Amino acid sequence: MRIIEPPLLHDHVRDIPGRQQSRNVDAVIRYHEETKHHFHRNARSLGYLDWANQPNPFRLYDGLTPVKLPFATKDPHAFYMDLYERTRNQFRHFSIENLSLFLELSLSISAWKSMPGSTWALRINPSSGNLHPTESYVILLQQSDTDPGVFHYSPLLHALERRTQFPQKLCEYLRGHFHTDGFLFSLTSIFWREAWKYGERAFRYCNHDVGHAIASASFAANLLGWKMTYLSDVSDEDIARILGFHRTQWVQCEEEHPEILCYVHPSEVKDIPTNLPSELVSRISQLRFQGQPNRLSDDHVDWEIISEVAKATLKPGLSSQGKPLPDRPFYDGEQSRLEAPQIIRQRRSAVALDGVTNISKSQFLTMLDKTLPRDQCAPFDFKLGPVRVHLLLFVHRVRGVDPGLYMFLRDEADFERLRAACRSEFVWKRPDEKVPLYLLWEGPLMRDAAAVSCQQEIAGDGAFSLGMIADFRRSIEDAPFLYRHLYWETGMVGQVLYLEAEAHGVRATGIGCFFDDPVHHTMGLKDDQFQSLYHFTVGGPVEDERLQTWPPYSHLKEDERARVQQMKFDEP
Ligand SMILES: Cc1cc2nc3c(=O)[nH]c(=O)nc-3n(C[C@H](O)[C@H](O)[C@H](O)COP(=O)(O)O)c2cc1C
């Protein structure tokens, strides 16, 4: 096969005519405005839960025989800092056992929970409403226990479902293109799973979840001595072709939408190409893809505005990766004694916080510091692009830090723009020279934090809560697909906070339900230059004693399919 790499790869999509670009910008802004929650009116949804059509959270492909993955007998021996740093994690070969461990530590089931009348699975990665719209695929390029090809990962069975097999020559070309061993890894979204519960706001939540899954996979890869490089030059259309979506008969409204494609390779290998030659994409897309996606619901509601924003935010080929990441030292604060795999496996969302637990200043700053991107450190060296998200903190119970409103700048280059956009009475005083944290306003904010987070008490009952403030208008006007990237970035920051909370003996919860403009009003924002896209809270958890817990794969020990088919996957 001759690989032709045209100098203007994907030129047809890169050169989107100005008018189309401006229509896409308008569609994104319209979606964003229409899906804001207001004190007096929530974003449109059914307003009730149609239990009869609750989507199955587990995709399976009918007609394919799952390739079962071996469960890990032992986790990698890695400390808390090894989640982030890449220096001590030893490289493990791309064997089926290690691929299994990668998936187990990133996207598998972490526990079953039940109370009378319902049973549900939790996963290593969190999801808004536990609905899990994110699906994942691995594309294996070399023979191990199974032939190479495109595989769907089933967290339910901890198994791979092969959709197509790659001829040997194709594998050789792909490996040759990347100059090193590894495999391709992809994430997709099923919008319907979230839309079933959340209506039009669902597109936002799907993208948060993608961000969480990227970070989750990035941490797991790091513990195996692997790194994920984002193939930012590959268009969504090409990802769909590589995954065989053009040859898949989807149930209407249950289509999977391509999100990311990346190459997973040894950590120490740099300069991985971020493209895929179009001839390779075309060769893959011509293969025979097998399997019929299972039906997730009998009936659906088609939220038109989600299709519109999905279309307006389709990613073309070729995108900029931004400036190189800084090589900054970590804040020298409190370390966790927990091992990295344990932190990953015990991650849970708190359903309620106790309103008394406090954390030290050192713990607080250590947690925030981990959200800063660093060269050669997971998860932000995935290189989504420049930092576009900062943290607006409501500090409630941090010893040595006055309660109040703070801004944590993940890139200080935005200092002047943010200061100019916010209330003029904010003081912008740094409590610690070593971290980019600024006091804006001093005073108790527990009630305000809960009020803007859809009146959810968890936002006021923790040590701190926060809103993630995105560089909004400029990003969307630059490229409408960045709307999705902004959410991914917030999800990645959220995943760091989830793990940091566990590492420091407290617990976190993502908060997708918040009143958008009241948060902006708190900051004094007068336009949509910056927007809050995601909230988070961290504090001492209150356990729900009514719940029973089972180990993650206890369901496979019995007659798996029969039992699984009888389960009702609902969370009360
Ligand atoms: C994007 C996102 C938004 C969320 N929003 C809320 C929320 O508004 N309120 C809440 O109590 N939990 C929220 N959660 C927590 C989920 O309900 C939780 O992740 C899910 O039930 C799975 O539980 P787990 O995190 O323990 O695995 C959110 C989680 C994510 C990822």
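Look above for the structure.
Notes on the structure follow. Nothing here was measured: the structure is a model prediction, and the numbers come from that model. (Residues numbered from 1 in each chain as written. Predicted model: local features only at pLDDT ≥ 70, side-chain atom pairs only at ≥ 80, totals over all residues. Heavy atoms only, no water.)

### Re the overall build of the chain
Reasoning step 1: Broken down by element type, the chain carries 17 helices and 20 strands.
Reasoning step 2: The C-alpha atoms of the chain give 23 Å as radius of gyration, which agrees with the globular expectation for 572 residues (25 Å, within 12%).
Reasoning step 3: The principal-axis extent of the C-alpha atoms belonging to the chain is close to 65 × 55 × 50 Å.
Reasoning step 4: Relative to its full complement of 572 residues, the chain shows a buried share of 63%.
Reasoning step 5: Counting contacts in the chain only where the partners sit at least 6 residues apart, residues at least 24 apart contribute 83% of the total. (Helix = DSSP H or I, 4+ residues; strand = E, 2+ residues; numbered from the N terminus. Rg over C-alpha atoms; globule rule 2.2 N^0.38 Å. Buried < 20%, exposed > 50% of the residue type's maximum accessible area, 1.4 Å probe, protein only. Contact = heavy atoms within 4.5 Å.)

### Examining the nonpolar core
Reasoning step 1: Counting 122 residues, the largest nonpolar core has F102, F183, F185, M228, F364 and L393 as its most contacted members.
Reasoning step 2: Listed in part, the 29 residues of the second largest apolar core include L170, L231, I239 and I272. (Core = buried A, V, L, I, M, F, W, Y, C linked by side-chain atoms within 4.5 Å.)

### Some words on the pattern of salt bridges
Reasoning step 1: Counted under the stated rule, the structure contains 34 salt bridges.
Reasoning step 2: For the salt bridge of R474 with D471, the shortest nitrogen-to-oxygen distance reads 2.8 Å.
Reasoning step 3: Two residues, D528 and R473, come together in a salt bridge whose shortest N-O distance is 3.1 Å. Of this pair, D528 sits in the loop between helix 16 (516-523) and strand 19 (530-539) while R473 sits in helix 14 (residues 472-478); the two residues are 55 residues apart in sequence, bridging distant segments of the chain.
Reasoning step 4: For R473, a relative accessible area of 27% translates into the label partly exposed.
Reasoning step 5: Beyond isolated ion pairs, a larger network of salt bridges with shared partners links D414, R417, D471 and R474. (Salt bridge = Lys/Arg side-chain N within 4 Å of Asp/Glu carboxyl O.)

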